[in-house]
Every structure is written in structure tokens, then in C-alpha cells.
Amino acid sequence: MKNLPICLFLITIAILSQGCKKRYSNQRPDLSIFERIAHERTDDDRMEDFIDSLLLRMTLKEKIGQMTQLNEAFFGLEAGSEDAVGTGVQAAAIDREKLASTIQKYQVGSLLTGGARSAREWQNICYQIQEVNLANSSNRIPVIIGIDHIHGTNYLRDGTIFPHQLNIGATFDKIHANSMGRFTAREAASIGHHWNFAPVLGIGQKKNWPRLYETFGEDTYLAQEMGSAYIIGLQEEVVGGYRMAACAKHFIGYSIPNTGWDRTNADIGDQKLYEFLAPPFQVAINSGVKTVMANSGSINGIPVHGSYYYLTTILRDEMGFEGVLISDYEDIIKLNTQHKVTEHEKESTYMAIMAGIDVSMTPTTTNFCEYLRELVEEKRIPEERLDLSVKRILRLKYSLGLFDNPFPTDRYLDQVASPAAAEAARNAAAESIVLLRNEYKTLPLSNPSRLTIIGSNADSRMALCGGWTYSWQGDDEQLYPDSILTVYQALTAEFENTRITLSDKAHLRYYAGISDAVIVVTGEKPYAEGWGNIDDMRLPPEEMELIEIAVGTGKPVILILLEGRPRIIGDLFDQCHAVIFAGLPGMFGGEVLAGILSGRIYPSGKMSITYPYQSGHMISYNYGPMVFSGLNAYREDFKGYALGDFGTGLSYTNYTYSDLVLSDSVILAEEKLDVSVNVQNVGQREGKEAVLWFIRDEVGTWQRPDRQLKYFEKQFLLPGETKSFNFSIDPEIHLSYSDENGDPILEKGYYTILVGDLSARFYLNTD
Ligand code: BGC
């Protein structure tokens, strides 16, 4: 059984080389045919020729080097910055000798970077790295530089910081995912970064998972649409002759660990995997994503990094991924140190390579190079297996344009922090803020004479941006530029004629007493990955106490939640006049929150996750019917399970939905059903409404979710204006679902379409 992967690889290689023999036969064709072939040769053919001839010249060491990614400390930043990735250390120069000797010794093809630096510093570093690399790489293969610019250029001190993905999901407008990708590429590529480890395509259904904010939310369709818009935006931009590669991560099942703690096991049945977890990756692959990163955790007790089934059978054979598969940080090593499925790192290396990993993000050691060489020399891993990976890596470099344009140039520095990028990030932030509650029309505030603001996030820049900002954990306030306005600072600028007091707990009652309203800005401090594991979903007691004191004063309380996941506030929600879920809106978060409080900006975000009401409410909107209409329906004390259900959010105007029209009430599998609805802005103010179309499959072989998002569209509406929203239902796409083998099932029967507060049934006839 253990040798099955080897056999399969050898068969694959045999088939591939057969193909090659046919295509590049040595027989001399007559000239006319030759000319015709030359004429018909595509860019891909030219690339393949280039790569084949390069591969022939490469030694085993070079091949292994291409499959290795070391971190920048290895490439020798200044003394004192050995652990520069993630620490925010801002070294600007590299140790050229150290870098040269690393390249000479290992012919390393890839580098992982991080930490806060200015555009000039980054550009200088990347230029030097490439210069030293090319001088020492035997075949002058450009090094590819990877980084986690996961919400805008978050490792660029003068870059544009977008909201995190959870917020982008809440905009329900793909334009924001697309512009985040586009501007990230413009800024990052201009300074010499090539490979961006984004987007996260796991679905955020574990509310305590510390990486929830890195997802587009809890819904599969939302993640797939936002993810592909981001990938297209990022990969389409060309800066100085080369472009950036996106990385769909973390394949697969990483986002729903049973415990909610990072990198732990997830029990996932195959039907769930195929229906809910695979589609965002499948759409990413269809959209041309160049790279994928593997899940550091395990599924059903099988660590994904060592799994041929997940990484080759599903990812490549079934889903058709042809690009580069990179391991996560030290995750090959963790097969023995953490997962304990091998006894030695060398066996882990064997397991991961045979499972299908192309590049090892080894960062801090070169053991991978040594072990892989030994494994090839011992003939346990055929060199042809390495060739498959090396070809993918060279194709990646070639297709990004790195062979022709390996260096960043000064000419593109004006791409960094352009007014257009700022506008895109500001708009994304504005549309990502969700107004959950607004009793007595508390918001917008009309000419308050005095306001009190309090809470641990009231005067914090880092609270707006969260983890992965200027440092891995994002929690070093000193690294944040003064130009980022905190909520307090932004309110002071927004409400010029209002006296605004930043209070502490001791003075809260006094200042609240003389204010028109109290604004409590709370939530979480930044964190990233396992460092954000928590024991309790509730908001910390000291923050709860502030809300209680504020509420106790009898003054209207406006609660603003800046956090990466929904911390439980329970009944306090009902006691605040207004509640805003702001998530992690990025560098313009303070400004847009102030604008929403003043009414300059109208809120239009809708929840991309279900915000639990009490700590027992760990459910997502698309659970099976039993959760919603089963026993819970009979509980008299059941006040609801969510402060904000998925897809809900208020604005400063109201909309009515009417005239839900279906083109038919019975359709056949090969027919389309056109549905339309009119949405009218019936309030006094303009607004943007995201119209969300859900479908309920009334009876299914597999238990069907209560409802599933199938389409969304957001439009601007003036007061009084009515717009028609349309959705064309294609049964093959919108009504079918995957079984446990990943095969689509399309079942006859009744379906309900739900939009706003309207719904209608139709029948699918598959006979
Ligand atoms: C994270 C990845 C990230 C990588 C490189 C890992 O710890 O899980 O998402 O891309 O580090 O920084």
C-alpha cells in the first residue's frame, strides 16, 4: 500500500514522457512542416521548451534547491534580525556574503519574507537578493520572493492596509476583493515581492478559531466568489514586466478544527468536504490560481501534509490543479515533531514529497535539502518525481515574467500608497461595517454637543488592523504610522463642534452623565494563528464591565466591536442603543466608523458570519433543518441564536422587497429559471443594498442545509428609487450538490427561493 504513490508517480511519469516523445520527436520533419509548426507554436510551447532545456542542465542539488524556501534570516539580514519574519524587525540591508554562500551551497530557489519596511527598503533588499542570487545560481534562475500581504500590503510601512477578508466578505461586493488583490499586486510587485500567500479559502465556521478573520466568512459561495475575484485582481496586474502569484490556502479543511484551536484535527466526512470545503479551491483553480498551500492540520487523524489522497488524488487528479503546491511553515518537519506520524524528519520529507508537495517552506533549516538528496540517492524517491515539481516551479517563475524581469525598478515606486489605492481600501472598509442594532434611530448622531468614548480599542491603531499588520502578530502599536487615525482621533476630526472625551473606567460615570451618548469601542487585541487561541468566547470581563457601567448610566450606548471573531456579549447587546460589528477594517477603519456615526457614510455591510447571541450558539446559518425547526422551536425561553445572522445588517434607510417573479414554476434539468425581485429604497436616505439569493432544497438524499446562498449583488439606491435584481438559476450549478465521491447529484423535487422577506417554490423535474 505504502508503495502505491510511487507506482502512480512512475506511471504518470511514463505517460508524460510518452507524450513528450510524441511532441518533440527527433525525426527531422520537412522544412515546410517545420515552418508551419514554428508558426503555430504557442507561448506555452516556448515556455515548455525553455524549461525542458533548463531542466536538462540542472543538477540534483539545484533541483532540490528550487523545491526549498528559506526565510530571510537565512539569507542574512543584519545582525540581530535572525528571526525577522514576523517580529517587525526593520533591517534594510542584507548580508551579501551569507546570502551568496547559502545560494552556492543549496541553490535555494525561494525566500520567505516579512516584517515592516518602507517601499525603498524593501525594494533595495529585493534588488540585492536577486543580484546576489543570480551571481551565484549556477543556471541564473531567479529567486522567487514570498510574503503574506494578506490584507493589502500589510508588511509595507508606507503601503495600503485593506480590511481583513472577514470584512471583505461582509461587503457582499466582489469589487472590493478584486481591488484588494489588484492594489496589493501593484504595491508589492513594485518593491520586488512575487508570491503572495493569500487568499485564505477555508470557510469560517469555527467561531473561536484564531484565523477566522482571515476567511471571507462562513459561507462556501461567498468564499468562492470573493476568493476568485481577489486572485484575478492580484494575478492580472503587471508591474515592470512581471506579475504576482496568489496562493489559495490552506488546502483543505484547515478552517474547521474540532477544537477551534489552530492547527488541530478536523473530522470531516467526504460529502461535507466536497460540498462545502472544496468549491472555493475549485473556483480558484478554475480562475488560474498559480499556487496552493497545504493545511497544517489533520483531517480524520491524517495530517494533510503527508496525505497523497488530499494533496494529489483530490487536489490534482480530481480538481485539476497544475500549479505549485507549497507546504506551510515547517509543516513537513511537524509530521514527526507534532503530528507524530513519522519517527524522523527524513521520513517526514519522504512522506510529504510523495504526497505531492512541491516546495518546502522550511524557513529556518536546510535539513530538507540534505534529506531529500539522501532519499534520491538511496533511490527511495525517483529523480523524475523531483522533476515534476521543479518543472512546476520553473513554469511559475517563467509565467510571472521573472526570467526576463527579475529586478524591481524605481520606476514603479509611485504605485505604492497611491490615492486610488487609498480610495479602494477606504471604500472596502466603509462597505464592510455592519450595523447590527440601531434602536430609536440613535445613529447617525445628530449634532451631539458632548460625547464620551471608552474601551481598550478606542484609541488603538492596531485594533483596526489586527494580526498580520507590520508584524506577524500585528500587536506592536509603535510600528503603526501616525497617519492611521484611531476611532477616537477620527471622531474628534469628524465632529468638529463636539466635545469628545476619552474616558477611563474611573471617570466613566461622570463623563457619561454630561454627554449625549457613550461610545464603547471594544473587542480584541491583535493576534495571529495559534497565538490567538482562547479559553473563553466571552468578551474579557474588564471590557464587559465597561459596557455595563456605560449602560447603567442610562445614556445611549453605542457599542463598536473591533475584533477578529465574534466575542460573546449576550444580553448586553439588548441594552445598547446601537451596536456595530466593525471586524478588522484596516487603516481607514477609524475614519469610516466616525463617518458612519456622523451619517457622512451610510452602513451597507452584512454579516459574513453568524454572530452568536450566547456562548451555546455555535452555529452557522446553513445548518440542517433540525437546528432551526427541531427541538429549539419549542423552547419558550429561546430568544434567538444570533446577534447578527449571516447576511443581515441595517442601514440608515429601509428597503422593501416586492414582486418576486419566477419565469416558471416547473423546470427541467437543462432549463434555466429566471427570477427577479424589485427592491425599493423607502427611506429618506441613499444607501447600497446587497441582495442575497438563497435556495432551500426541500428534500434531499443527504440532509440539506436550511438554506444556502447562491448569488448576491449589491446596488446603490436613491431615496424612493426601485431597482430590479435578477438571478438566473441553472440547475446544474445552483441546485446540484456533491455526494461523498465528489460527484454531482441533481434531485427532482421542490425547491424554495428566498430573497429578503420573500420566498417562492418551484419544482425541478429530472425525469
Ligand atoms: C501560516 C501561513 C503563512 C506562512 C508564512 C504560516 O504559519 O500558516 O498562512 O502563509 O506562515 O508566513
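That block above? That's the structure.
Residues numbered from 1 in each chain as written. Predicted model: local features only at pLDDT ≥ 70, side-chain atom pairs only at ≥ 80, totals over all residues. Heavy atoms only, no water.

Participant: Explain the side chain of Arg707 to me, and be specific about the residues and the numbers.
Facilitator: With respect to the helices and strands, Arg707 occurs in the loop between β22 (687-697) and β23 (708-717). When residues no more than four places from it in sequence are discounted, the contact partners of Arg707 are Tyr621, Asn622, Asp645, Phe646, Phe694, Ile695, Arg696 and Leu754. (Helix = DSSP H or I, 4+ residues; strand = E, 2+ residues; numbered from the N terminus. Contact = heavy atoms within 4.5 Å.)

Participant: Could you give me a rundown of the packing of aromatic side chains, with the residues and numbers involved?
Facilitator: Enumeration according to the criterion identifies 24 aromatic pairs in this entry. One aromatic cluster is present, formed by Phe172, Tyr221, Tyr621, Phe646, Phe694 and Phe712 through successive ring pairs. Its end group placed over the ring of Tyr350, Arg380 keeps NZ or CZ at 4.5 Å from the ring centre. Positioned over the ring face of Phe588 is Arg426, at 4.4 Å from the centre of the ring. (Phe/Tyr/Trp six-rings, centres within 6.5 Å; stacked < 30°, edge-to-face > 60°. Lys NZ or Arg CZ within 6 Å of the ring centre and 35° of its normal.)

Participant: Describe the sheet that holds strand β15 (residues 557-562), listing the residues and the values that go with them.
Facilitator: With mixed pairing, the six strands of this open sheet are ordered in space as β11-β16-β15-β14-β12-β13. Among the strands making up the open sheet, the edge pair consists of β11 (434-438) and β13 (499-502). Averaged over neighbouring strand pairs, the angle between their axes works out to 15° when direction is ignored. Note: strand β12 (residues 450-454) against strand β14 (residues 517-523), four bridges, orientation parallel. Opposite Ile454, over in β14, you have Val520 as the bridge partner. Helix α20 (residues 541-552) contacts β12, β14 and β15 of the sheet and is inclined by roughly 165° relative to β14. (Pairing = 2+ DSSP bridges. Axes fitted to C-alpha atoms, helices over the stretch in contact; angles between N-to-C directions.)

Participant: So, the site of the ligand: which residues are in play, and what are the values?
Facilitator: Lining the immediate environment of the ligand, one finds Leu112, Asp148, Phe197, Arg211, Lys249, His250, Arg263, Met293, Asp328, Tyr329, Met361 and Glu529. Here an oxygen atom of the ligand sits 2.8 Å away from a polar atom, N or O, in the side chain of His250. At 2.8 Å from an oxygen atom of the ligand is found a side-chain nitrogen or oxygen belonging to Glu529. Within the complex, the protein chains bury 95% of what would otherwise be the 310 Å² of accessible surface of the ligand. (Near = heavy atom within 4 Å. Polar contact = N/O pair within 3.5 Å; in protein donor to acceptor, adjacent residues only side chain to side chain. Areas by Shrake-Rupley, 256 points an atom, 1.4 Å probe, with all protein chains shown as cover.)

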